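# Coordinates in review
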Amino acid sequence: KSHLKTYTVEEVGKHDNENDGIWIYYKEGVYDITKFVLKHPGGPEKIMMAAGGSIEPFWMIFANHNVSEIYQLLESMRIGNLDVSKDSKKLEATEDPYANDPKRHKVLKVNGPKPFCGETPGPLLCESFLTPADTFYVRNHLPVPEIDIKDYELEIAIEDDTKKVINFEDIKKYPKYTVTTAIMCGGNRRSEMNAVKPLKGLSWGVGAVGNASWSGARLTDVLADLKINEDDWKHVQFEGYDLDPSGVPYGGSIPISRALDSRADIILAYEMNGEPIPRDHGYPIRAIVPGVVGARNVKWLAKIVISNEESRSQFQRGDYKGFSPSVDWDTVDFSKSPAILDMPVTSAICTPTPGETVKLKDGKIPVKGYAWSGGGKKIIRIDLTVDQGKTWHVAHQLIDDENAKEGRHWSWTLWSAEIPIDVDKKEVEVWVKAVDASYNVQPESFENIWNLRGLLCNAYHRVNVKIKK
Ligand code: MTE
Ligand code: MO
């Protein structure tokens, strides 16, 4: 790096716009990111916050950048060294914005420490119909906000016009309604799609999903006195109390027709499995939108906006969307795909785990897992094969929410099966696919559903198992 020019903090600071070029510095390197800004997966606005300055404080917030690929990418844009000698402005150690995050259960497999992202191990997942809050997967995009329940406020607005501000006690006054639903991250099972062709994003296994009972006020009850006409508006936006460094909250939105449909069972939840919602899962109030991608279940709910526009959040408009397998980061246009709402049918084998050795019992191996379909569609069948589809076995035991009404099967289905294995087999690949009430079936392979963000990863789940006689 010694042949490169040395720049002062002031010189870098002049390059904070397209005309002069967009530079940033990181530790002792100076980088020209002008061409990269538009390609930034997190959106150009986000990376522009660092223009002309240090990227370090932002990477402390968006700590998913702390991976070697990103350091390499940055290094490829290096144009110089930062003058640290006479640079009195050397940044003092910035305080860790995640210092106040809650403690997590050790069993969660950490996919990213800051923001915290951790999943439930498969074998634990299929042990209980209701996933305990402590071992429920966590997907945060920012530090967990610290909220004192006495100060908690929820603002409800129509476009820019605040209609009311209610507190925690006000929300508890509405009839208490309980809904049992799975929540699944749009990137669940991404590691399998990543194996086909590398993706950007957290490498989730099968555990970015959980099923819990949530209690709170119905959204339709809370909105009732606003007398909203469904034909006048298009979206209901949710904003969280978690803010990025520029003060923009996490957000998401759902269509107005869904929000105003009491049978969509959307609630402003204050309990998870009968207890106050833990901090990681949205304390004190979180939106529960059954059947849809995890991202719209906004935690630490701060604001609800009735609007003609979708949420402006990056996570609504610039992420959590699907694309053709041929679209890459140079050609992607996020405005061209609709935001994911209902999730497609999926299933996964939770035991045995990939590579596990299983002992034959009466010539069979036991297999357990989950299945789920978005939009309230019931799971009607689980098919398994150990011979690449020549013979299919139907899982015999299905545990789901027996009380769920038609079209409101929000919970997952846990299933189990014992599959006969040929005596001479030392190794088999177990495949599973689920069928939902609309006879939607999972796609066979990841090749043809690959998409650059690694979302909607619902191809057959295939697990290689070693057999012990
Ligand atoms: N809400 C807020 N305010 N901030 C977030 O980062 N993450 C979303 C959603 N709601 C998120 C949020 C995503 S992408 C998912 S998958 C779920 O919360 C995860 O919920 P959990 O952490 O309770 O499992
Ligand atoms: Mo997610």
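Criteria and thresholds
Residues numbered from 1 in each chain as written. Chains lettered and ligands numbered in written order. Predicted model: local features only at pLDDT ≥ 70, side-chain atom pairs only at ≥ 80, totals over all residues. Heavy atoms only, no water. Phe/Tyr/Trp six-rings, centres within 6.5 Å; stacked < 30°, edge-to-face > 60°. Lys NZ or Arg CZ within 6 Å of the ring centre and 35° of its normal. Helix = DSSP H or I, 4+ residues; strand = E, 2+ residues; numbered from the N terminus. Polar contact = N/O pair within 3.5 Å; in protein donor to acceptor, adjacent residues only side chain to side chain. Contact = heavy atoms within 4.5 Å. Near = heavy atom within 4 Å. Areas by Shrake-Rupley, 256 points an atom, 1.4 Å probe, with all protein chains shown as cover. Nonpolar A, V, L, I, M, F, W, Y, C, P; charged D, E, K, R; others polar. Core = buried A, V, L, I, M, F, W, Y, C linked by side-chain atoms within 4.5 Å. Buried < 20%, exposed > 50% of the residue type's maximum accessible area, 1.4 Å probe, protein only.

## Details of the packing of aromatic side chains
According to the stated counting rule, one finds 15 aromatic pairs in the structure shown. Chaining the aromatic ring pairs together yields one cluster made of F136, Y137, W204 and W214. In this arrangement the basic side chain of K197 is found over the ring face of W450, its NZ or CZ atom lying 4.1 Å from the centre. Sitting above the plane of the Y177 ring, R218 keeps its charged end 3.6 Å from the centroid.

## With respect to the side chain of N140
When you line up the elements, N140 lands in the loop between strand 8 (138–139) and strand 9 (153–158). A polar atom in the side chain of N140 sits 3.1 Å from the side chain of D280. With residues near it in sequence (within four places) discarded, N140 still touches R104, P115, F116, C117, D280, K299 and W300.

## Topic: the site of ligand 1
Every one of the 19 residues lining ligand 1 counts as a neighbour, but Y137, D242, H281, R286 and K299 are closest to it. Within the backbone of R139, an N or O atom sits 2.9 Å from an oxygen atom of ligand 1. In this structure, H141 approaches ligand 1 through a side-chain N or O atom, which is 2.7 Å from an oxygen atom. Coverage of ligand 1 by the protein amounts to 100% of the 540 Å² it exposes when considered alone. Grouping the amino acids of the shell around ligand 1 by side-chain chemistry returns 9 nonpolar, 6 polar and 4 charged.

## Focus: the nonpolar core
Counting 92 residues, the largest nonpolar core has I33, L154, W214, F238, L301, I304 and Y370 as its most contacted members. Here the element with the most residues in this core is strand 15 (residues 267–272); it accounts for 5 residues. With residues near it in sequence (within four places) discarded, L154 still touches K164, V165, I166, I171, L268, L301, A302, K303 and I304. By size, the runner-up hydrophobic cluster in this structure holds 23 residues, among which are V345, L360, A434 and V463.

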